Each structure stands twice: as structure tokens, then as C-alpha cells.
Amino acid sequence: MRKFYIPSMAVLAFSYPFTTVLLLVIGVPVEGLGLFNYAIKGLITAVFGVALLAAASQRRSITSTVLPLFLLFGLFGIRLLYDVVGLGIVPPLASPSYILLYFFGLTVLPVLSIAIAFDADDMEVLHKWLFGMLVLTNLALFYYVAIQAQDLATENALAYRFQVTGQDDATSVLNPITISLMGAVLLLFVIGRFAVFFRMTLFSQAVHLGIFAVGLANMLLGGSRGPVVAFVFGLMFVAASALKVNSRAIGQFKIRPRVWVYLGLMIVGGVAFALFSDLTIASFDRFRTMFDGSGSRIIEERDYIAAAAWGDFKKSPIIGYSYITMNGTALAHNVFLESFMALGVVGGSVYLFCLLIMLRGIWHGVTGRFGPYGYSVALAGAALIALSMTSGSIGQSPEIWVMVALIMSMAQTRAIPLRTVHHRGGSFPLRSRPAVPHPAAISASLLR
């Protein structure tokens, strides 16, 4: 039962778009979606609780590298209780119970479960669950967006920011950022598999390329900039790991050349498309329109929110001012800024320390500490951490924090003994505790 955290994590992190589209397809009215999704989240929380109890019964302790995250959550929890319960500060269309349960029940409890239950030997199963959920979610999103776009001319499809039901980002059931993010994370997962799986049949590569195409389409159809930046951030780790893992150091695996071929084709195709096509791609166009003709930055709504959040920080720079800005109507939409706004220099410093641990965890993942399956998981975590700088929240983004908890667990400093298993033309570095023999070998592909 300890491993119940694995499917729960995959569902919490990546299933909301899938379940939402599924409910819409079977005819559930929009006003009823919230009730169904609350029920799913309640079930997920309960399963995380079972995994936590099972792990605790085995006398497992919290992974030390996740402890700073609990310090951050503790400080934010105090702030939340003071503001919501003490001062009655609640954003429009929300209730105090919703705000508190979302943080303490749907964020802190799952993170605690992961911090105690996670084991390095779980990485293969984690990888499969996360990848499978991402594939299902992206296929569902692509299907539903394709229905929305069927009345548009093909050349106009990428010029729009698609969403699922609603007139704007504030009222949509699934906003454009979510659609683009799911595509970006799936892209990085596929790239990671191309990079480190030692042998993939032509059929397997063809299937992966099809999945890659779906992810790319969703990232572009959402028309959001943050997920594109998150994708590029993940690619930076691919490049950095290639420089590192080509060394002969123990525990390293060599990046497979096929990933450079496919990435090269994507880049060449993108450049050719930009130079010779008249089509408009909303996500790229929004980067271009960030600046006016003189090169000056165009002020957007999020800039006003950021300015207000920074102003709140300056009102109480030591311990923070409030968990919400704009007179109690808007989140900061930037975890870095929010940590300083809500918790001052004290909490902001804790967050920066957590960020360093996150980067260490990503690096462990892409340099072989958790074998080939940890590579894609680390890239996915990198994307969500990058997105948290543009669209995340400490109290309202559990899908980000469960991945953060996993990535910080991967930063553990306790060495995991290494042995190498030879498998079909390549060697995978496997790490396991000396008292627990590892299964025979890790397969090179899930789709062989």
C-alpha cells in the first residue's frame, strides 16, 4: 500500500484535463464538473493518506531534502490561517473552507505522503504511470480542441488560444495554459525517452513520434508563453546532461544520437515554418507582441499584479504582508514573488533554498542517479518548476508541488550503491540499497 502514492501522484499531477474532457464528452453539464472533480480530488487525497499510513507503519522517515519544503509550507500555513480565519481575506467566488482544504488537504498531505513513501526503486513504476497519464490527457485534449477547431480553416487553427468551455481564462474549465503545459511536459517526456533508452525499435520510435506530434500540437494550440519557456528550460537540462554524461564517470549513461536527430528536425522545421509560412502561431506571436515597435515592454495585466505583489512585500518585508494581492482579488501567479509577498524575506529565503534543492534533484535525474527512467521524470519536474514562476501558487497548485516533492526527494544526498546491468547492447546504471537486491534489468522501452 506504500506504493499507492504512485498512481495518486500521476492522477493529481496530470489527470484533471483528462477527467474534465471525459465528463464533457459523456454529457455532464458544465455546472456539474466541479462536483465530479471535487469527488476525484477527495478520493486522491484519501489514497495518499493510505499510502502515508502504510509508509509510516514501516517506520520510514521523511526524506531529508524535502524538510525545507515543509518549513515553507509551515510558514505559509500560518499566513493562510491568519489571513483567511483571522482577517477573513478570501478571493471572490471562493470560500474559507475551499482555500484551507485545497492547501492542507490537497497539497500538504500528498507532499508528506511522497516525502515519506518515495523509494528510489519506485522510479520505473513512477515513470510509467506519469507517462501513461500524460499520454491519455494529451490525447483527450487534442480530441476536444480538434472538435472546437473543426469550423476553422486549417491555416487559422494555430492563431487562436484554445480552451475548454468558457469565454476567457477566468471562466474556462480548462484554460489555455493548462493545454499548452500538458503538451510541453509530454514533449519533454518523449525527448527524455529518446535520449536515454538504449534500444528502441522502429515501430516504437514511430509511436513515440506520433505522441510527440500530439504534445507539440497541444503546446501550440494552447497559445501560452509560460509552457513554451518551461519546455525550453527542460531542453537546457538535456543539453547540459549531454555534456556531463558523455564522460566515463561511473553511473553515467550516454545520450543517444537519435534525440539530436529528432530535435534537429523539429528546430529546422520550426525555423523554416517561421521564415517561409504566412501562418500565425499564437504562442510565438504573443512573444513578439510583448514589445511595441520601439522595443519597449508592453504592460499586461500580470504586470499590474506583479507590481501590486511587490508593493505588498515592501509594506512588510520581514514576515510578509498577505497570501493574496490586489486588495484580496488576485494571486501573484509567480511562486518566487508570492513567497516574498506572503512570507517576507524569511519565507522567500526558505523558498530560494528549496529552489537550489530542486535544481540538484533535476541534475541527479538527468545524470543517471535514478537510472534511465528518472531522466524524463526530472525533465517533467523542471518544466513544472519553471512554470511556477509564471502561473503557479503555493496554496492553489498541488499538481506542481507533488512533482516538486518528488524532485526534492531525488536530491537526497545519501548515496545509493551502484551496480551496472547490461541489457541489449547498452548498460543501464542501477542504484539500489545493498540489503535489497534489485530486479534483473530495466527494459529499454515500454513499447517494445
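Residues numbered from 1 in each chain as written. Predicted model: local features only at pLDDT ≥ 70, side-chain atom pairs only at ≥ 80, totals over all residues. Heavy atoms only, no water.

This part is about the overall build of the chain. When helices and strands are counted, the chain shows 15 helices and two strands. In the chain, 74% of the contacts between residues at least 6 apart in sequence involve partners at least 24 apart. Carbon and sulfur atoms form 67% of the exposed surface of the chain, whose accessible area is close to 19,500 Å². (Helix = DSSP H or I, 4+ residues; strand = E, 2+ residues; numbered from the N terminus. Contact = heavy atoms within 4.5 Å. Areas by Shrake-Rupley, 256 points an atom, 1.4 Å probe, with all protein chains shown as cover.)

The full count for this structure, using the stated rule, is 14 aromatic pairs. Here Phe 73 and Phe 103 contribute two aromatic rings whose centre-to-centre distance is 5.5 Å and whose plane-to-plane angle is 80°, an arrangement assigned as edge-to-face. In this pair, Phe 73 is assigned in helix α4 (residues 67-86) and Phe 103 in helix α5 (residues 96-117), connecting sequence segments 30 residues apart. Here the two residues Phe 73 and Phe 103 agree in accessibility, since each one is buried. Seen from the ring of Phe 131, Arg 193 lies directly overhead, with NZ or CZ sitting 4.1 Å from the centre. (Phe/Tyr/Trp six-rings, centres within 6.5 Å; stacked < 30°, edge-to-face > 60°. Buried < 20%, exposed > 50% of the residue type's maximum accessible area, 1.4 Å probe, protein only. Lys NZ or Arg CZ within 6 Å of the ring centre and 35° of its normal.)

With the rule as written, the count across this model stands at six salt bridges. Across the pair Asp 119 and Arg 60 runs a salt bridge whose closest N-O atoms are separated by 3.6 Å. Of this pair, Asp 119 sits in the loop between α5 and α6 (123-149) while Arg 60 sits in the loop between α3 (30-57) and α4, and the two are 59 residues apart along the sequence. You can call Asp 119 buried: its relative accessible area is 9%. With a closest N to O distance of 3.1 Å, Lys 128 and Glu 124 form a salt bridge. Remark: Glu 124 and Lys 128 occur in helix α6; sequence separation between them is four residues, near one turn of the helix. For Lys 128, a relative accessible area of 35% puts it in the partly exposed group. Overall, Glu 124 belongs to the partly exposed group, its relative accessible area being 24%. (Salt bridge = Lys/Arg side-chain N within 4 Å of Asp/Glu carboxyl O.)

Unfilled space is identified by rolling a water-sized probe across the atoms. A complete count under the given rule lists one cavity of 30 Å³ or more for this structure. Counted as a void, the largest cavity has a volume near 30 Å³. Around the largest cavity, the lining residues are Phe 76, Leu 80, Ile 99, Tyr 323, Leu 331, Glu 338, Ser 393, Gly 395 and Gln 396. Here the lining of the largest cavity is composed, by residue class, of five nonpolar, three polar and one charged. (1 Å grid on protein atoms, 1.4 Å probe; cavity = no way out; pocket = protein on both sides within 12 Å on 5 of 7 lines; lining within 4 Å. Points joined across faces, edges and corners; volume = space filled by probe spheres on them. Nonpolar A, V, L, I, M, F, W, Y, C, P; charged D, E, K, R; others polar.)

If you look at the biggest cluster of nonpolar residues, it comprises 122 residues, and the most contacted ones within it are Tyr 5, Phe 14, Leu 69, Phe 118, Met 358, Trp 401 and Met 410. No other element matches helix α7 (residues 176-196), which puts 15 residues into this core. (Core = buried A, V, L, I, M, F, W, Y, C linked by side-chain atoms within 4.5 Å.)

For the rest of this paragraph, the subject is the packing of helix α13 (residues 335-366) against helix α15 (residues 398-409). Packing of α13 against α15 brings their axes to within 8 Å, and their N-to-C directions diverge by 50°. With respect to α15, the axis of α13 lies oblique. The residues of α15 that touch α13, namely those facing Val 335, Tyr 351, Cys 354, Ile 357, Met 358, Gly 361 and Ile 362, are Trp 401, Val 404, Ile 407 and Met 408. Classifying every residue of the contact of α13 with α15 gives 10 nonpolar, one polar and no charged. (Axes fitted to C-alpha atoms, helices over the stretch in contact; angles between N-to-C directions. Parallel < 35°, antiparallel > 145°, perpendicular 65-115°, else oblique.)

On to the environment of Phe 189, then. Among the secondary structure elements, Phe 189 is positioned in helix α7. For the pair Phe 189 and Ser 376, spaced 187 residues apart in sequence, the C-alpha separation works out to 4.7 Å. Contact partners of Phe 189, with chain neighbours within four places excluded, come to His 127, Leu 130, Phe 131, Leu 134, Ser 376, Val 377 and Ala 380.

With that settled, the discussion passes to the side chain of Ser 316. Within the element layout of this structure, Ser 316 appears in the loop between α12 (301-315) and α13. Among the polar contacts made by the side chain of Ser 316, one reaches the main-chain carbonyl oxygen of Gly 320 at a distance of 2.8 Å. Dropping the residues within four chain positions of it, Ser 316 is found in contact with Tyr 321 and Gly 344. (Polar contact = N/O pair within 3.5 Å; in protein donor to acceptor, adjacent residues only side chain to side chain.)

Functional significance is not addressed by these values, which are geometric in nature.
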